[in-house]
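Inside the fold
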Amino acid sequence: KPVLSQPPHVDWLTGAFSRTPLLRKTTRLADLPGVFADHSGWQQADPQQIVYDVEMLDTLSGSGELFTGVTHLYPGKVGNEYFMTRGHFHALREQGEVYFGLRGTGLLLLQDEQGEMHLEPVVAGSVHIIPGYTAHRLINTGTEILSALAVWSSTAGHDYAALAGGFAWRVVEENRQVQVREVQNG
Ligand code: 6PG
Ligand code: NI
């Protein structure tokens, strides 16, 4: 006879998933060497400080399936640079992704393979269509947790090495304002 299967729920105000098991990955300052411009500021900070948590639904992972996860990016800075995710291209470059802002204030930094840059404000309700061939990084420019829900291809994978030299723009606080700085190369 017909039965209802209960889907997971997400709290739209906090990004908390109702259902376990969840897969959870915590990224601390110690996990992000070379990511922030201010190296001595990074060394002096508490290495155990959590920068972000990613919680994912434990769903099918075969070809054609989708992953669903929430990134909770904490407020903070290293030197004058705001807390951010490491950022990545997908290993399968053509795979896009969708981010939905849930809470907090921040930016989504996008950089394509030609080095073309875009910055989108992330707020509750913002929808971000990340095209294929485009690296993405979340930046928390506010004073509360920035949470964003994401849906992406289970086979997309991550390529962190391609941007190990960093994104071309950095987002910093100067004179109490959010400023975007172009990185000088060479
Ligand atoms: C993904 C998503 C997203 C991302 C996290 C952490 O492709 O998996 O973009 O879940 O992984 O926001 O960011 P980093 O993977 O860059 O550390
Ligand atoms: Ni991604």
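What comes next concerns the included structure. Here the structure is a predicted model, which means the values were calculated and not measured. (Residues numbered from 1 in each chain as written. Chains lettered and ligands numbered in written order. Predicted model: local features only at pLDDT ≥ 70, side-chain atom pairs only at ≥ 80, totals over all residues. Heavy atoms only, no water.)

Bringing the sheet that holds strand β10 (residues 134-140) into the picture now. Two modes of strand pairing occur in sheets, parallel and antiparallel, and in both the strands are linked by backbone hydrogen bonds. Spatial ordering of the open sheet is given by β8-β7-β10, a layout of 3 strands whose pairing is antiparallel. The open sheet terminates on both sides in strands that have one partner only, identified here as β8 (117-122) and β10. Strand-to-strand twist across the sheet, computed as the mean angle between neighbouring axes with direction ignored, equals 20 degrees. (Pairing = 2+ DSSP bridges. Helix = DSSP H or I, 4+ residues; strand = E, 2+ residues; numbered from the N terminus. Axes fitted to C-alpha atoms, helices over the stretch in contact; angles between N-to-C directions.)

Quick look at the pairing of strand β2 (residues 50-57) now. Among the 8 residues in β2, 6 count as buried, and that is most of the element. When β2 meets strand β3 (residues 66-73), the two strands line up antiparallel, connected through 5 bridges. Among the inter-strand pairings, Val 54 is bridged to a residue of β3, identified as Thr 71. (Buried < 20%, exposed > 50% of the residue type's maximum accessible area, 1.4 Å probe, protein only.)

Another point: the coordination of the nickel ion (ligand 2). Surrounding the nickel ion (ligand 2) are the protein donor atoms His 88 (NE2), His 90 (NE2), Glu 97 (OE) and His 136 (NE2), at 2.1 to 2.2 Å. Its 6 donor atoms give the nickel ion (ligand 2) angles of 74 to 173 degrees at the centre, a pattern that matches the octahedral case. Donor residues for the nickel ion (ligand 2) sit on one chain with the sequence pattern H-x1-H-x6-E-x38-H. Among the residues examined, His 88 registers a relative accessible area of 10% and is labelled buried. Overall, the relative accessible area of 6% leaves Glu 97 in the buried class. (Donors = N, O, S within 2.8 Å, 3.2 Å for Na, K, Ca; no water. Tetrahedral: all angles 85-135°; square planar, octahedral: opposite > 155°, others 65-115°.)

Taken together, 14 residues surround ligand 1, and among them Tyr 52, Thr 71, Tyr 99, His 158 and Tyr 160 come closest. Here an oxygen atom of ligand 1 and a side-chain polar atom of Glu 97 are 2.8 Å apart. The side chain of His 136 places a nitrogen or oxygen atom 3.3 Å from an oxygen atom of ligand 1. A total of 400 Å² of accessible area belongs to ligand 1 in isolation, and the protein chains cover 96% of it. For the shell around ligand 1, the elements supplying multiple residues, two or more each, are β2 and β6 (97-103). Of the residues contributing to the shell around ligand 1, the split by class is 5 nonpolar, 7 polar and 2 charged. (Near = heavy atom within 4 Å. Polar contact = N/O pair within 3.5 Å; in protein donor to acceptor, adjacent residues only side chain to side chain. Areas by Shrake-Rupley, 256 points an atom, 1.4 Å probe, with all protein chains shown as cover. Nonpolar A, V, L, I, M, F, W, Y, C, P; charged D, E, K, R; others polar.)

Another point: the nonpolar core. One finds Phe 36 and Leu 138 to be the most contacted residues of the largest nonpolar core, which totals 34 residues. At the level of elements, β2, β3, β7 (106-112), β8, β10 and β11 (146-153) are the ones that each hand at least two residues to this core. When sequence neighbours within four positions are dropped, the list of residues in contact with Leu 138 reads Thr 71, Leu 73, Phe 83, Met 84, Thr 85, Tyr 99, Leu 107, Leu 108, Val 122, Leu 146 and Ala 148. (Core = buried A, V, L, I, M, F, W, Y, C linked by side-chain atoms within 4.5 Å. Contact = heavy atoms within 4.5 Å.)

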